[in-house]
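Breakdown of the fold
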Amino acid sequence: MRIRAKPWAGPELDACPFFLRNPQRMKNKWLSWFPCRQPLHVELGCGKGWFLAGLAPKHPEINYLGIDLKDAVLAPGKRLIEQAYGEAPIDNVALTAYDIERLPDIMGAEDRISRLYINFCNPWPKPRHHKRRLTHPRLLKLYRPLLEPDAELWFKTDDTPLFTATLRYLRESGFEVIAQTDDLHAQNCPDNVMTEHEKMFSEKGIPIKALKARILPLENQ
């Protein structure tokens, strides 16, 4: 999907106190950037911010980092997060624009990610493009050194082939799937936070697939 240019996006983000323009400077320092030192959850491909805007205000005991590539995507997310917090201070959310395939450039082992969220990433259906999937073993190998012991990865998608492949990718990469469903909304999940794509697909009657996985010690792989 082509992203429409938003000339206002860059300047507005640069003026935002919870947006970081040069995240390379934050490697191994993310925990100390937030006012409170508490668990760090990261959403890879946070898009227009629906998920973080719905989740972060409900959990002030967690710090959240949203990463996406384009200012034009993140700027609407910034506005949505501000709307969700209202007059309350936004002190447990950070946004940054960066290429997820270069995540180790901006995060290190000392950042101690305790949960990764990957929601409705590009399924890259052609076999020659599978390695671009955010759940592919090539990228899981990048995430792994950044995760603390017993960290979790939560994943949602509408795409059945991607979901099936991701189950295999996780097993091959040293993760244990601890929960999974082929129809998330058919279950009683009052704590589920909808994303923009999740709402769109659900309204079309497409079941949402979801899983939770936990990292295993290397000796258990």
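The coordinates are above.
Here goes a summary of the coordinates provided. Values in this document were obtained by computation on a predicted structure and should not be read as measured data. (Residues numbered from 1 in each chain as written. Predicted model: local features only at pLDDT ≥ 70, side-chain atom pairs only at ≥ 80, totals over all residues. Heavy atoms only, no water.)

Focus on the pairing of strand β4 (residues 93-97)
Stated formally: Any residue under 20% of the maximum accessible area for its type is buried, any over 50% is exposed, and the rest in between are partly exposed; the area is computed with a 1.4 Å probe on protein chains only. Each helix is a run of H or I in the DSSP string that is no shorter than four residues. Each strand is a run of E no shorter than two, and both are numbered from the N terminus. In short, DSSP must find at least two bridges between two strands for them to pair. Seen with its strands pointing away from the viewer, a crossover is right-handed when the path leading from the first strand over the helix to the second is clockwise.
Of all five residues in β4, five are buried; the element is thus mostly enclosed. Burial of β4 is two-sided: the residues Val93, Leu95 and Ala97 facing one way and the residues Ala94 and Thr96 facing the other way are all buried. The pairing of strand β1 (residues 19-20) with β4 spans two bridges and is classified as parallel. When the bridges of β4 are listed, phenylalanine 19 appears paired with leucine 95. What joins strand β3 (residues 63-68) to β4 is helix α4 (residues 71-85), and the crossover it makes is right-handed.

Here's the deal with the pairing of strand β2 (residues 40-44)
Burial analysis of β2 places five of its five residues in the buried class, which makes it a mostly covered element. With burial as the criterion, each face of β2 is covered, one bearing Leu40, Val42 and Leu44 and the other bearing His41 and Glu43. Between β2 and its parallel partner β3, the chain crosses via helix α3 (residues 50-55), and the hand of that crossover is right-handed. For β2 and strand β5 (residues 113-119), the ladder comprises five bridges, and the chain directions are parallel. Within β5, the residue paired with glutamate 43 across the bridge is tyrosine 117.

Remarks on the sheet that holds β3
Here eight strands make up an open sheet; going across it, the order is β1-β4-β3-β2-β5-β6-β8-β7 and the pairing mixed. For this open sheet the edge positions go to β1 and β7 (175-181), each flanked by a neighbour on one side alone. Of the pairings in the sheet, the one linking β3 to β4 comprises five bridges and is parallel in character. Note on β4: the bridge partner recorded for isoleucine 67 is threonine 96.

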